[in-house]
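# Chain and residue survey
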Amino acid sequence: MKFFLSPALFLVSLLLSVVSLNASDKKQSSPVAIAIHGGAGTILKKNMTPELEKAYHNKMREALEAGYDVLKAGGSSLDAITTSIRIMEDSELFNAGKGAVFTHHKTNELDASIMEGRNLNAGAISGVSRVKNPIDLARGVMEQSNHVMLSGARAEEFAEKISIELVDPSYFYTKRRYNQLIEVLKTDPDAAVLSEDKNDKLSFHGNKQLWPDDKKFGTVGAVALDKNGDLAAGTSTGGMTNKKYGRIGDAPIIGAGTYADNNACAVSATGHGEYFIRAAVAHDICARVMYKNISLQQAADEVVMDKLVKMKGDGGVVALSPKGDPVFSFNSAGMYRGYIDANGKIYTAIYGK
Ligand code: ASP
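These remarks concern the structure in this document. Because the structure is a prediction, the values reported are computed rather than measured. (Residues numbered from 1 in each chain as written. Predicted model: local features only at pLDDT ≥ 70, side-chain atom pairs only at ≥ 80, totals over all residues. Heavy atoms only, no water.)

Another aspect to go through is the sheet that holds strand β8 (residues 258-261). As a general point, the strands of a sheet are linked pairwise by backbone hydrogen bonds and lie either parallel or antiparallel. Taken in spatial order, the four strands make up an open sheet running β8-β9-β10-β11, and their pairing is antiparallel. Strands at the two margins of the open sheet, each flanked by one partner only, are β8 and β11 (326-330). If you compare each strand with its neighbour and ignore which way they point, the axes differ by 10° on average. Alignment of strand β10 (residues 315-320) against β11, held across five bridges, turns out to be antiparallel. Bridging from a neighbouring strand, Leu320 pairs with Pro326 of β11. Contacting β9 (265-271), β10 and β11, helix α10 (residues 296-311) crosses the sheet at an angle of about 15° to β11. (Pairing = 2+ DSSP bridges. Helix = DSSP H or I, 4+ residues; strand = E, 2+ residues; numbered from the N terminus. Axes fitted to C-alpha atoms, helices over the stretch in contact; angles between N-to-C directions. Contact = heavy atoms within 4.5 Å.)

Put into structure tokens, the structure is as follows:
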């Protein structure tokens, strides 16, 4: 049997395809935007070498451009933030992935989380030592498990099961971060226990000149808006130098270090995690936007510059509005940060005003 279209039917189907083409054109032209941070803290220009400053700007640009390319090609905000965060995790410049800080026990224990604004789905991992890109595992938890947060060795078992790249824990050793721990241990009464460690092959060669910004929180994070109007947020960290007893910070806590809701904003935080958890920073910012009907900048400033300051909690956030407006707020001297906004403008910065 042969099928053919009557002229009337042909006209109707032509009309329909033009209408649907227009609709998808419209979708394509929705604004896309991405913003990132690479940690906040005592980052002062007078302590920074021009080479290092350039390296930070370049790496942030690379992360932003890679994420933005994903968005421009029609990819999701989730894909964009994982792409950007992975680049920062693979860099020694930031306290996440390869550049993670050391715990009191001379290990590296990583935390990460991710959240989707369209359905409030979220995934997180904490205290892993063998996952090369913790943001990938956080996403795996969200998309391929029935849970929101997995921790430690069992989380690594899950990583293996879903084919997330694992590495030997020694992958995370960097001299800079190890030296940083040794410096901190000099003032830690518990450190006596560690000095008896005769098998310690790692040596301390002070090279403080090169890393003037070690009094900072170097967590990385990204927020993005895609062509469908969907927001996403993600955060990844090594936590804080000399952390003890399996300490977990705010980065993997949904509502503290990370939050995304299409109705309000996407937020990723960096700072002294104990305070950010207690202040429920990321969720509080989104909640203020929704309940108080104030701008995202005002909401972020109320939480970071007032609530956190009163609690004496150092750090900052990067956030994105449902329209793709990037917002930064930090109460520390500086914050590695950048964005590519809805107009395609690229911006990176390090110091405060
Ligand atoms: N927020 C992280 C934590 O407390 C630290 C950081 O931002 O660098 O684990």
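Once you've had a look at it, read on.
In terms of burial, strand β7 (residues 231-237) is largely enclosed, as seven of its seven residues are buried. Here strand β2 (residues 110-116) runs beside β7; their pairing, made up of six bridges, is antiparallel. Of the residues in β7, the one forming a bridge with Ala112 is Ser236. The antiparallel hairpin formed by strand β6 (residues 220-225) and β7 contains five residues in its connecting segment, where Gly229 sits at a positive phi of about 80°. (Buried < 20%, exposed > 50% of the residue type's maximum accessible area, 1.4 Å probe, protein only.)

To continue, consider the side chain of Thr235. Tracing the backbone through its elements, the reader meets Thr235 in strand β7. For Thr235, a relative accessible area of 0% puts it in the buried group. Engagement of the side chain of Thr235 in a polar contact is seen with the side chain of Ser268, the distance being 2.7 Å. (Polar contact = N/O pair within 3.5 Å; in protein donor to acceptor, adjacent residues only side chain to side chain.)

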